[in-house]
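Coordinate inspection notes
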Amino acid sequence: MEIETSRFGVLSVDDERIMNFPKGLLGFPGQTKFALIKTGQNNYFFWLQSIDDPHLAFVVTDPSTFFKDYDVALRDETVADLELVNPAAMQVFVICNKVGDWLTGNLLGPIVVNTASRLAQQVVLTEKKWTTRQPLLRLQADVPLAKSA
Amino acid sequence: MLVLSRQRDETIMIGDDIEVTVVDIRGDKVRLGINAPKEISVHRKEVYDAIRRENKAAAQVKPEDLSGLGKIGSKNPENQPKQP
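Structural notes, computed from the coordinates. (Residues numbered from 1 in each chain as written. Chains lettered and ligands numbered in written order. Predicted model: local features only at pLDDT ≥ 70, side-chain atom pairs only at ≥ 80, totals over all residues. Heavy atoms only, no water.)

**Quick notes on the packing of aromatic side chains**
Residue and element names in this part refer to chain A.
- Inspection of the entire model under this criterion finds 8 aromatic pairs over all chains.
- Relative to Trp 47, the ring of Phe 8 has its centre 5.4 Å away and its plane inclined at 65°; by these criteria the two rings are edge-to-face. Highlighted residues: Phe 8 in the loop between strand 1 (2–5) and strand 2 (9–12) and Trp 47 in strand 5 (residues 45–50), separated in sequence by 39 residues.
- With a centroid separation of 5.0 Å and an interplanar angle of 85°, the aromatic rings of Tyr 70 and Trp 130 are classed as edge-to-face. Taken together, the residues span a long stretch of sequence, with Tyr 70 in the loop between strand 6 (57–61) and helix 1 (76–81) and Trp 130 in the loop between strand 10 (119–122) and strand 11 (134–138) at a distance of 60 residues.
- Grouped by ring-pair contacts, the aromatic residues Phe 21, Phe 28, Phe 34 and Phe 58 constitute a single cluster. (Phe/Tyr/Trp six-rings, centres within 6.5 Å; stacked < 30°, edge-to-face > 60°. Helix = DSSP H or I, 4+ residues; strand = E, 2+ residues; numbered from the N terminus.)

This is the structure in structure tokens:
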């Protein structure tokens, strides 16, 4: 399907890339359909683009790339909501933010996706180990790098 | 908002199966014990608020904000995925 976005213009997105968030996202309860789009920067970061609001998009990444010990324990209710029959179909993303010159990840409120049903939900972890602004990467200065470098 | 007074060890019922008990009161700190069916999630409100706030902040990120990413795995050691 074709979706309108403020950041990338009109995009053609495969239906398999569209995820349903029946409960919306915290702070955005009415937004229930998002497409997962490649950023073009690299393979680690994606855009989660709202289907219904062209202006709403988040950068997301797989937190296990950065934190090997990161683990999301799902409550039975969440497993049922996501119709997660096969645990191997579970994929976790975290929403990224730019804080100063760091790219941070919200590891306290990860997004859990059932890749089989494409149902998704933002969950709240009870563990105090992780924060909403876990540093992921230091962003380089905005000035373009010298071509000879 | 319904406001109830309770003493230590007294309980409030919410519906038929959620119990909130005042376990301890010390100064301006109250410790609550909560008994609820496991399908009811119980969290401190600050956690929800923090995630909601962070979602709103993260929605402001623009593609150009990622331009500083460069290539992960490039020669810049600062730009490697952070090891825990």
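**Quick word on the nonpolar core**
Residue and element names in this part refer to chain A.
- In terms of nonpolar packing, the biggest core is built from 38 residues, with Phe 45, Tyr 70 and Leu 103 touching the most fellow members.
- For this core, the secondary structure elements donating two or more residues are strand 4 (33–38), strand 5, strand 6, strand 7 (90–99) and strand 11.
- The greatest single-element share of this core, amounting to 3 residues, is contributed by strand 7.
- Aside from chain neighbours lying at most four places away, what touches Tyr 70 is Pro 63, Val 92, Val 94, Leu 107, Pro 110, Leu 125 and Trp 130.
- Core analysis: the second largest hydrophobic core is formed by 18 residues, Leu 25, Leu 36, Leu 48 and Ala 120 among them. (Core = buried A, V, L, I, M, F, W, Y, C linked by side-chain atoms within 4.5 Å. Buried < 20%, exposed > 50% of the residue type's maximum accessible area, 1.4 Å probe, protein only. Contact = heavy atoms within 4.5 Å.)

**Description of a nonpolar patch on the surface**
Residue and element names in this part refer to chain B.
- Together, Ile 25, Val 30, Leu 32, Ile 34, Ile 40 and Val 42 make up an exposed nonpolar region whose accessible area comes to about 480 Å².
- When residues of the nonpolar patch are assigned to their parent elements, the largest contribution, 3 residues, is made by strand 3 (residues 29–35).
- As for its placement among the helices and strands, Leu 32 is situated in strand 3. (Patch = residues over 30% accessible without salt bridge, like charges linked within 9 Å, V, L, I, M, F, W, Y side chains within 5 Å. Areas by Shrake-Rupley, 256 points an atom, 1.4 Å probe, with all protein chains shown as cover. Salt bridge = Lys/Arg side-chain N within 4 Å of Asp/Glu carboxyl O.)

**Structural notes on the environment of Asp 15 of chain A**
Residue and element names in this part refer to chain A.
- Position of Asp 15 relative to the elements: it lies in the loop between strand 2 and strand 3 (18–20).
- Expressed as a C-alpha distance, the spacing of Asp 15 and Arg 118, which sit 103 residues apart in the sequence, is 9.9 Å.
- Other than its neighbours up to four places away in sequence, Asp 15 contacts Met 1 and Arg 118.

**Observations regarding the pairing of strand 2 of chain A**
Residues and elements named next belong to chain A.
- In terms of strand pairing, strand 1 meets strand 2 through 4 bridges, oriented antiparallel. Residue pairing across strands places Glu 2 opposite Ser 12, the latter belonging to strand 2.
- Counting the residues between successive antiparallel strands, the hairpin from strand 1 to strand 2 contains 3 residues. (Pairing = 2+ DSSP bridges.)

**Notes on the sheet that holds strand 3 of chain B**
Residues and elements named next belong to chain B.
- Across the sheet, 3 strands lie side by side as 1-2-3; this open sheet has antiparallel pairing. A single partner strand is all that each edge strand has here, and the edge strands are strand 1 (11–14) and strand 3. Adjacent strand axes in the sheet meet at a mean angle of 25°, parallel and antiparallel pairs treated alike.
- Here strand 2 (residues 18–26) pairs with strand 3 via 7 bridges, running antiparallel. (Axes fitted to C-alpha atoms, helices over the stretch in contact; angles between N-to-C directions.)

**So, the pairing of strand 1 of chain B**
Residue and element names in this part refer to chain B.
- Sheet topology note: the strand 1/strand 2 ladder contains 4 bridges and is antiparallel. By the bridge assignment for strand 2, Ile 12 is matched with Val 20.
- The antiparallel pairing of strand 1 with strand 2 creates a hairpin that spans 3 residues between the two strands, and Gly 15 there sits at a positive phi of about 65°.

**Quick look at helix 1 (residues 45–58) of chain B**
Residue and element names in this part refer to chain B.
- When the terminal C-alpha atoms of helix 1 are compared, their 20 Å separation across 14 residues agrees well with the 20 Å that a helix rising 1.5 Å per residue should span.
- Within the span of helix 1, buried status applies to Ala 50, Ile 51, Glu 54, Asn 55 and Ala 58. The buried residues of helix 1 occupy one face: seen down the axis, they fall within an arc of 135°. More than 90 degrees from the buried face of helix 1, the exposed residues found are Lys 45, Glu 46 and Arg 53. (Expected span 1.5 Å × (residues − 1). Arc of directions from axis to C-beta.)

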